[in-house]
Amino acid sequence: MTKEKQLEDLKNICEKCYACEIGSRRDKMVFSAGNPNAKVVFIGEAPGKDENAQGLPFVGRAGQLLNTYLEKVGINREKDLYIANILKCRPTNPDRPNKDRVPATPEIKNCIDYLYKQIETVQPNLIVLCGGTSLKTLTGKKTIQISKVRGSVFELELNGHKYNAIAIYHPSYLMQYASQEQKDITLEDLKLIKTYV
Ligand code: URA
């Protein structure tokens, strides 16, 4: 079976998933974007407002900034990357449905096997952990920091499979808080990522 077909089947399963309360309030489940045959898998945190509306990852302001960075180093988002998130539904609280929040641990537990399956299907040469939630969740290290591990490729074991991985600052962080130096080094990190595409 092709990777496309395997992922399509998994997407259909995710469409029927209501394991978390946020699933019952989603507009669209956000499965992935990009190329199932890409050599690089890019993992963000969770859908926000725009992603929930369109059913695609990284299409809001953070996604637009990500696109700018990718273009600067010559990475083609549709061809060179397969993009997914830790969660497939937008995490908000019922009393504040317009305010994004970080994924809760039970939500990650409910959702993570779908992501493992996506990664196992794509079989990337490199996984890009974009932002703290992605880095902490997939390394299983609660206190690990992007600033301490960024800049080099390390081994990551997921669900019994070994991969190369690298962590980068999340575009939302780059937009709101990052220093010029952090923005500059992110471009350097993306140049390193480009050597894997
Ligand atoms: N932030 C993420 O981490 N993922 C998205 O899809 C959008 C914003």
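Look a little higher up for the structure.
Residues numbered from 1 in each chain as written. Predicted model: local features only at pLDDT ≥ 70, side-chain atom pairs only at ≥ 80, totals over all residues. Heavy atoms only, no water.

Caption draft 1: A look at the side chain of Glu107. Positionally, Glu107 belongs in helix α6 (residues 105-122). Separated by 2.9 Å, the side chain of Glu107 and the backbone nitrogen of Ala104 make a polar contact. Contact partners of Glu107, with chain neighbours within four places excluded, come to Cys20, Ile22, Leu87, Pro91 and Arg101. (Helix = DSSP H or I, 4+ residues; strand = E, 2+ residues; numbered from the N terminus. Polar contact = N/O pair within 3.5 Å; in protein donor to acceptor, adjacent residues only side chain to side chain. Contact = heavy atoms within 4.5 Å.)

Caption draft 2: Structural view of the site of the ligand. Near the ligand you find Gly44, Glu45, Ala46, Glu51, Pro57, Phe58, Asn85 and His170, and these make up its full shell. One of the backbone nitrogen or oxygen atoms of Ala46 is found 3.1 Å away from a nitrogen atom of the ligand. In the model, an oxygen atom of the ligand is placed 2.9 Å from a nitrogen or oxygen of the Phe58 main chain. Isolated, the ligand exposes 240 Å² of accessible area, and the fraction of that covered by the protein chains is 92%. Partitioned by chemical class, the residues of the shell around the ligand number 3 nonpolar, 3 polar and 2 charged. (Near = heavy atom within 4 Å. Areas by Shrake-Rupley, 256 points an atom, 1.4 Å probe, with all protein chains shown as cover. Nonpolar A, V, L, I, M, F, W, Y, C, P; charged D, E, K, R; others polar.)

Caption draft 3: A look at the side chain of Lys88. Examined against the element boundaries, Lys88 turns out to sit in the loop between β3 (81-85) and β4 (92-93). One buried charged residue, Lys88, remains without a salt bridge, the closest side chain of opposite sign being Asp113 at 11 Å. Of the polar contacts made by the side chain of Lys88, one reaches the side chain of Gln118; its length is 2.8 Å. Here Lys88 is in contact with Cys14, Lys28, Met29, Val30, Phe31, Pro47, Cys111, Tyr114, Leu115 and Gln118, once residues within four sequence places are set aside. (Buried < 20%, exposed > 50% of the residue type's maximum accessible area, 1.4 Å probe, protein only. Lys, Arg positive; Asp, Glu negative; His and termini not counted. Salt bridge = Lys/Arg side-chain N within 4 Å of Asp/Glu carboxyl O.)

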